Amino acid sequence: MTIFERDLGTPAMMGDKQVSVTIDGMPITVPEGTSIMRAAALLDASIPKLCATDNLEAFGSCRLCLVEVEGRPGTPASCTTPCQEGMVVNTQTPRLDKLRKGVMELYISDHPLDCLTCSANGDCELQDMAGAVGLREVRYSDEGENHLAASKDESNPYFTFDASKCIVCSRCVRACSEVQGTFALTIAGRGFESAVSTAQNTDFLSSDCVSCGACVQACPTATLQEKSVIDKGVPSRKVKTTCAYCGVGCSFTAELRGDELVRMVPDKQGGANAGHSCVKGRFAWGYANHEDRITDPMIRDSISDEWRVVSWEEAIQFAATRLKQIQAGHGVDAIGGITSSRCTNEEVYVVQKMVRAAFGTNNVDTCARVCHSPTGYGLKQTFGTSAGTQDFASVQDADVILVIGANPTDAHPVFGSRMKRRLREGAELIVIDPRAIDLVRSPHVSAQHHLQLRPGTNVAVVNAMAHVVVTEGWVAREFVNERCDVESFKAWERFIALPENSPEALEQVTGVPATAVRRAAEAYAQAGNGAIYYGLGVTEHSQGSTMVMAMANLAMATGNIGRPGVGVNPLRGQNNVQGSCDMGSFPHEFAGYRHVSDDSARGLFDTAWGVSLRGDPGMRIPNMLDAAVAGKFRGLYVQGEDIAQSDPNIHHVEAALKAMDCVIVQDLFLNETARFAHVFLPGTSFLEKDGTFTNAERRINRVRPVVPPLSGMSEWGVTCAISEAMGYPMPYNTAAEIMDEIARLTPTFAGVSFGLLDEVGSVQWPCNGDAPLGTPIMHEQRFVRGEGQFVTTPYVPTDERSTRKYPLLLTTGRILSQYNVGAQTRRTQNTVWHAEDILDIHAADAEARGVADGDWIEISSRVGSTRMRARLSDDIPAGVVYTTFHHPVSGTNVITTDNSDWATNCPEYKVTAVEVRPSMGAGS
Amino acid sequence: MSGVVEQDARLVVMANQIANNVPPVGDVSEQVAEHLRKFWTDAMRADLERITEQSSDQLREEVIAAVALLA
């Protein structure tokens with residue numbers, strides 16, 4: 001439990017009706033339902049408490065927060081007693097003092113009296129409360145029955161559970177249930193035997209615990225405590241910053257002793273996470289100081305040479321000279337760059353600026369190419385801009401939640417918890433996914449509809465749902481007529497009503513029973529508020545862009561756009577996917593999604609940057625790789641992306657990298673791509689960055705430097721140095737100056753500055769004169785493009801089909817404890833949960849191939865093969881296999897193909913025809 | 001397969017895929033041409049034009065018509 005945050009004891013009430021009470025002689029007016037404890041805390045008349053904390057519902061068990069209410073008998077608990085009009089409350093009386101001291105004495109009588117040597121000394125609510133009630137002695141000896149010899153569970157790599165220090169306040173149990181929604185903890189036993197236990201009475205590591213840290217955060221004693229605090233001591237200073245893992249973009253307080261990070265604590269004021277966290281953001285930050293970090297620049301003439309450590313000046317000159325030589329010999333378009341969704345907006349912006357202004361080409365792309373580029377295309381076509389429509393809080397108003405091709409509890413866990421809370425409150429859930437993801441069935445959450453479609457048939461399923469909406473007469477005519485382009489709607493309506501789009505006609509294609517589609521369509525269309533959340537299971541298909549537009553059509557047709565509880569929401573994979581796209585990383589767009597051929601937009605940048613920019617689009621990543629193999633593209637600057645592991649058809653990627661004369665890798669580690677690099681420029685971890693990230697809800701959050709860059713240079717500073725060496729200086733003094741330029745040139749960012757973010761915490765773009773504090777929900781009055789555009793979306797089967805030779809369909813994904821290619825999480829203790837990629841295979845498919853659970857298998861596609869262990873799973877249907885891509889040793893992307901989305905070239909990671917055979921082992 | 005041949009093959013696949021997926025509303029060739037203008041480099045469009053002249057049988061007719069519109 002951190003002692004730094006103000007805790008009001010019980011959650012805020014949101015009702016409009018107000019009540020006025022008097023507490024200790026002070027008047028206060030609060031929303032009806034507000035507890036006496038919270039009202040008192042708002043008056044700074046804090047009442048002693050142990051079992052209460054303001055992110056959990058009041059529980060009323062510790063009996064420390066007793067108060068007196070004039071005209072009422074007894075001493076009710078202030079946490080469970082709501083304020084009522086005219087109530088007069090006294091929180092400090094001799095009677096209350098005596099009662100509280102007595103309660104506290106009983107707690108302390110069964111608690112180790114080792115405060116001075118306790119790891120929570122100075123950071124313990126029990127200690128604080130003993131002081132607050134004036135406890136000076138304990139009359140009960142430790143000779144009676146007690147729990148002081150209870151054992152300690154140290155199985156979790158990040159925190160301990162010391163039962164001897166537990167006061168059984170249930171905060172951990174309630175945090176696991178209410179905040180995280182995992183229900184991994186319980187109170188076992190009765191009376192004096194009552195004790196916190198995992199639900200299966202196992203150790204923490206073996207339990208259902210997902211190590212989100214909510215229980216540790218909630219614990220008022222040293223019972224549940226971070227091992228890093230036990231090892232290093234209680235932190236002495238703090239810096240607010242933003243997590244660098246997934247697209248939820250959680251706000252954290254980095255707590256340090258000197259320059260040593262002790263722990264990351266989720267920020268209650270964080271707009272995205274409201275005080276919650278997951279195992280990655282909370283605990284898996286050890287990679288930042290891992291021994292594999294490279295902190296000196298290195299160069300080599302050839303990729304067969306050894307690396308040579310050099311000065312920054314030499315590395316930068318070497319890189320610039322090589323790039324200029326390539327352009328002199330092979331043309332200005334023979335080089336390019338790739339920006340990273342793990343880097344800040346400011347770092348990304350200067351890379352794309354360097355490519356366009358210093359390199360003189362639009363050959364800049366971003367790793368969003370391989371994840372959410374179809375979102376950019378599809379939402380721009382239909383709504384007018386490339387962004388999710390809602391803030392995360394919107395899910396609390398959803399009546400029906402439609403999750404398509406996403407696995408929020410694993411890939412976006414903090415939002416997943418928020419979603420599960422709404423589902424527990426009664427929202428209906430539709431899951432469209434080949435896999436039975438956790439949301440389909442987990443404690444207190446069960447999907448009413450699971451459309452377990454065949455991989456590659458997303459568009460067919462959503463078209464079928466839309467067919468039902470149209471033919472059953474469930475179109476929101478008023479919304480369509482007022483808000484949408486009616487001609488495009490009519491064309492779409494005619495198309496979607498065709499019999500070939502009916503659930504019955506498509507049942508054979510999708511594998512989803514027509515009745516199930518019809519029920520799901522009715523649930524969504526008749527919901528009141530229907531909200532769509534989707535992930536890479538939508539975008540990473542040959543029809544990824546078509547599918548995004550199909551979902552947008554469905555949302556518009558049912559009027560589910562432009563208010564809380566609805567919308568079309570991409571769950572972005574990496575922390576700054578949204579931002580890297582916003583910053584002009586795509587080869588056809590400047591910052592703010594303006595096409596390079598737009599003379600007006602280009603003129604702005606020409607003037608601001610003092611160069612004549614190109615108006616023709618540059619190459620996308622796959623175009624660059626194809627051109628490299630053809631000998632036409634020979635130099636690449638790669639910022640924080642490992643394309644030799646993350647991109648599909650690795651053999652092709654490696655051939656392209658080998659064919660280049662200059663590959664520059666800017667990263668924390670010598671990643672797989674660095675094997676083909678000539679220049680290695682050490683990057684900065686999120687703890688060393690100064691800038692901003694933009695999360696999946698368009699929220700711009702500050703990333704503040706917690707420690708100085710280990711390499712001695714900021715990443716944007718390195719990019720600027722290369723640009724200057726190429727002949728185009730970019731003389732910024734601070735990251736704030738870069739954001740100021742972004743704001744000047746990007747209408748949706750016009751009001752954004754570090755000053756504003758430091759003042760208000762975060763804002764969601766558009767943030768400008770029309771919306772000075774940002775825009776939580778888009779398209780409320782009108783679409784960004786004016787009228788919503790319906791797009792006709794015929795289902796076109798992928799060319800990647802199962803055959804006699806490759807009869808199974810492989811789909812890939814992520815798990816909770818690992819992140820992307822694992823460069824960060826593999827260098828943390830998260831490997832205890834996932835040390836290798838595993839192939840999930842249905843028992844029937846396994847039996848037919850002689851494969852048993854845990855066996856090594858070889859998995860082959862038409863482009864390659866690899867080996868890993870198999871796990872029998874009924875989460876997937878027969879005919880489908882599933883694995884992750886977190887480990888380079890298994891090289892999952894050796895087998896994925898270069899099939900891609902028709903509009904954006906986003907790889908079709910989610911469908912690869914494969915065969916699986918028993919294998920003797922990893923190296924056989 | 002040489003790198004150039006491999007790149008040509010990719011362009012053919014991509015162009016045909018675009019023609020097969022743009023909304024079948026209005027002039028598909030014009031939509032394909034517009035897509036190529038907005039998202040393909042000048043060099044890629046020039047390569048596609050060369051491929052069209054050399055071996056148009058690999059390409060859908062909408063792509064061939066789109067290339068003509070680009071000229």
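Calculation notes
- Residues numbered from 1 in each chain as written.
- Chains lettered and ligands numbered in written order.
- Predicted model: local features only at pLDDT ≥ 70, side-chain atom pairs only at ≥ 80, totals over all residues.
- Helix = DSSP H or I, 4+ residues; strand = E, 2+ residues; numbered from the N terminus.
- Rg over C-alpha atoms; globule rule 2.2 N^0.38 Å.
- Buried ≥ 20, exposed ≤ 12 C-beta atoms within 10 Å, placed from the backbone.
- Contact = placed C-beta atoms within 7 Å.
- Pairing = 2+ DSSP bridges.
- Arc of directions from axis to C-beta.
- Axes fitted to C-alpha atoms, helices over the stretch in contact; angles between N-to-C directions.
- Parallel < 35°, antiparallel > 145°, perpendicular 65-115°, else oblique.
- Nonpolar A, V, L, I, M, F, W, Y, C, P; charged D, E, K, R; others polar.
- Core = buried A, V, L, I, M, F, W, Y, C linked by C-beta atoms within 7 Å.
- Left-handed = near helix turned anticlockwise from the far one by under 90°.
- pLDDT = per-residue confidence, 0-100.

Undergrad: Would you mind showing me how to read the overall build of chain B here?
TA: Of regular secondary structure, chain B possesses four helices and zero strands. Counted from the first residue to the last, chain B has its helices and strands arranged as α-α-α-α. Computed over C-alpha atoms, the radius of gyration of chain B comes to 11 Å, within 12% of the 11 Å expected from 2.2 N^0.38 for 71 residues, which places it in the range of a compact globule. In terms of principal-axis extent, the alpha carbons of chain B reach across some 40 × 20 × 20 Å. The buried share among the 71 residues of chain B stands at 41%. In chain B, once contacts between residues fewer than 6 apart in sequence are set aside, the share between residues at least 24 apart is 70%.

Undergrad: Just to check I follow, could you spell out the overall build of chain A for this structure?
TA: Across its full length, chain A holds 28 helices and 37 strands. Against the 2.2 N^0.38 benchmark of 29 Å for 924 residues, chain A shows a C-alpha radius of gyration of 29 Å, consistent with a compact globule. The principal-axis extent of the C-alpha atoms belonging to chain A is close to 90 × 70 × 65 Å. Within chain A, the proportion of its 924 residues that are buried is 61%. Once local pairs closer than 6 in sequence are excluded, the contacts in chain A between residues at least 24 apart make up 72%.

Undergrad: I keep staring at the environment of F39(B) and nothing clicks. Help me out?
TA: Mapped onto the elements, F39(B) comes out in helix α2 (residues 28-39). Classification of F39(B) as buried rests on a count of 21 C-beta atoms within 10 Å. For the pair formed by F39(B) and V67(B), sequence separation is 28 residues and the distance between their alpha carbons is 14 Å. Leave out the neighbours within four places in its chain, and F39(B) touches H588(A) and P617(A).

Undergrad: Teacher, can you tell me more about the sheet that holds strand β9 (residues 224-226) of chain A here?
TA: By way of backbone hydrogen bonds, the strands of a sheet pair with one another, either parallel or antiparallel. Residues and elements named next belong to chain A. Taken in spatial order, the three strands of this open sheet run β5-β6-β9, and their pairing is antiparallel. Looking at which strands have only one partner, the edges of the open sheet turn out to be β5 (152-153) and β9. In this structure, strand β6 (residues 159-162) lies alongside β9, joined through three bridges in antiparallel fashion. Bridging from a neighbouring strand, F159 pairs with E226 of β9.

Undergrad: Where do I start with helix α16 (residues 503-510) of chain A in this structure?
TA: A turn of α-helix holds 3.6 residues, and therefore any two residues three or four places apart point the same way. Residues and elements named next belong to chain A. Taken together, the buried positions of α16 are occupied by P503, L506 and T510. Projected down its long axis, α16 carries its buried residues within an arc of 70°, all on one side. Against the buried residues of α16 lie α13 (458-471) and α17 (514-525). A positive backbone phi angle near 80° is found at G511, which sits one or two residues after α16.

Undergrad: Whenever I open this one, the packing of helix α1 (residues 3-21) of chain B against helix α3 (residues 42-55) of chain B confuses me. Can you help?
TA: Packed helix pairs are characterised by how far apart their axes lie and by the angle those axes make with each other. All names here are of chain B. It is the contact of α1 with α3, at a shortest axis distance of 10 Å, that shows an interaxial angle of 90°. When the axes of α1 and α3 are compared, the pair comes out roughly perpendicular. Between α1, through D8, L11, V12 and A15, and α3, the contact on the second element is made entirely by M44, D47, L48 and I51. Of the residues belonging to the contact of α1 with α3, the class tally is six nonpolar, no polar and two charged.

Undergrad: Before we go on, may I ask you to explain the environment of Q543(A) in this structure?
TA: Tracing the sequence through the fold places Q543(A) in the loop between α18 (536-539) and α19 (544-557). Given 30 C-beta atoms within a 10 Å radius, Q543(A) is considered buried. The spacing of Q543(A) and Q390(A) is 153 residues in sequence and 24 Å in space, taken between C-alpha atoms. In this structure Q543(A) touches V459(A), V796(A), W902(A) and N21(B), once residues within four positions along its chain are discounted.

Undergrad: For this particular structure, what's the right way to read the environment of L453(A)?
TA: Residues and elements named next belong to chain A. Within the secondary structure layout, L453 lies in the loop between β21 (449-451) and α13. Note on L453: 26 C-beta atoms within 10 Å, which makes it buried. Between the alpha carbons of L453 and G511 there is a distance of 5.5 Å; along the sequence they are 58 residues apart. Beyond its immediate sequence surroundings of up to four residues, L453 is in contact with I432, P434, N458, V461, T510, G511 and V512.

Undergrad: Help me understand the nonpolar core in this model?
TA: Proteins that are soluble and globular tend to have nonpolar side chains buried together. Formed by 168 residues in total, the largest nonpolar core has its most connected members in C172(A), C215(A), I401(A), V461(A), M465(A), V469(A) and M551(A). Core analysis: the next-biggest nonpolar cluster, separate from the first, contains 116 residues, C371(A), V577(A), V718(A) and M730(A) among them.

Undergrad: How should I be thinking about the interface of chain B and chain A in this particular structure?
TA: Contacts between the two partners involve 19 residues from chain B and, on the opposite side, 21 residues from chain A. Elements with a contribution of two residues or more to the side of chain B that touches chain A: α1, α2 and α3 of chain B. The element best represented in the side of chain B that touches chain A is α1(B), accounting for nine residues. Looking at the side of chain B that touches chain A residue by residue, the class counts come to nine nonpolar, six polar and four charged.

Undergrad: So what exactly am I meant to see when it comes to the sheet that holds strand β31 (residues 762-764) of chain A here?
TA: All names here are of chain A. Strands sit in the order β29-β30-β31 across an open sheet of three strands; the sheet is antiparallel. Across the chains shown, the open sheet's two edge strands, defined by having one partner strand only, are β29 (691-694) and β31. Strand-to-strand twist of the sheet, defined as the mean angle between neighbouring strand axes without regard to direction, takes the value 30°. Alignment of β29 against strand β30 (residues 699-703), held across four bridges, turns out to be antiparallel. If you follow G691 over to β30, its bridge partner there is V703.

Undergrad: I tried to follow helix α22 (residues 621-629) of chain A on my own but got confused; where do I start?
TA: All names here are of chain A. Most of α22 sits out of view: nine of its nine residues are buried. Of all the positions in α22, only I621, P622, N623, M624, L625, D626, A627, A628 and V629 are classed as buried. Positive phi shows up at G631, right after α22, with a value of about 85°.

Undergrad: Is there a simple way to think about the pairing of strand β26 (residues 635-639) of chain A in this case?
TA: Moving residue by residue along a regular strand, the side chains alternate between the two faces of the sheet. Residues and elements named next belong to chain A. Most of β26 is tucked away, with five of its five residues classed as buried. Bridging between β26 and strand β27 (residues 662-667) involves five bridges; their strand directions are parallel. Residue pairing in the sheet places Q639 in a bridge with Q666 of β27.

Undergrad: What should I look at first to understand the packing of α22(A) against helix α24 (residues 650-658) of chain A in this one?
TA: Residue and element names in this part refer to chain A. It is at 8 Å that the axes of α22 and α24 come closest, and there the two elements cross at 60°. Comparing the axis directions of α22 and α24 gives the class oblique. Crossing of α22 over α24 shows left-handed handedness. Seen from α22, the contacting residues are L625, A628 and V629; seen from α24, they are H652, V653, A655 and A656. Residues of the contact of α22 with α24, tallied by class, amount to six nonpolar, one polar and no charged.

Undergrad: How should I be thinking about the confidence of the model for chain B in this particular structure?
TA: Detailed reading of the predicted coordinates is not advisable wherever pLDDT falls low. Of the residues in chain B, 99% have a pLDDT of 70 or more, and the chain-wide mean is 94. Quick note on the complex model: pTM equals 0.96, ipTM equals 0.97.

Undergrad: Is there a simple way to explain unusual backbone geometry in this structure?
TA: Leave glycine aside and you will find that most residues have negative phi; peptide bonds, for their part, are mostly trans. All names here are of chain A. In this structure, P766 follows W765 across a cis peptide bond, with omega equal to 0°. Tracing the sequence through the fold places P766 in the loop between β31 and β32 (808-813). Of note, the phi angle at R63 is positive, near 65°, even though the residue is not glycine. Mapped onto the elements, R63 comes out in the loop between α1 (36-42) and β3 (68-69). Unusually for a residue other than glycine, H779 sits at a positive phi of about 60°. When you line up the elements, H779 lands in the loop between β31 and β32.

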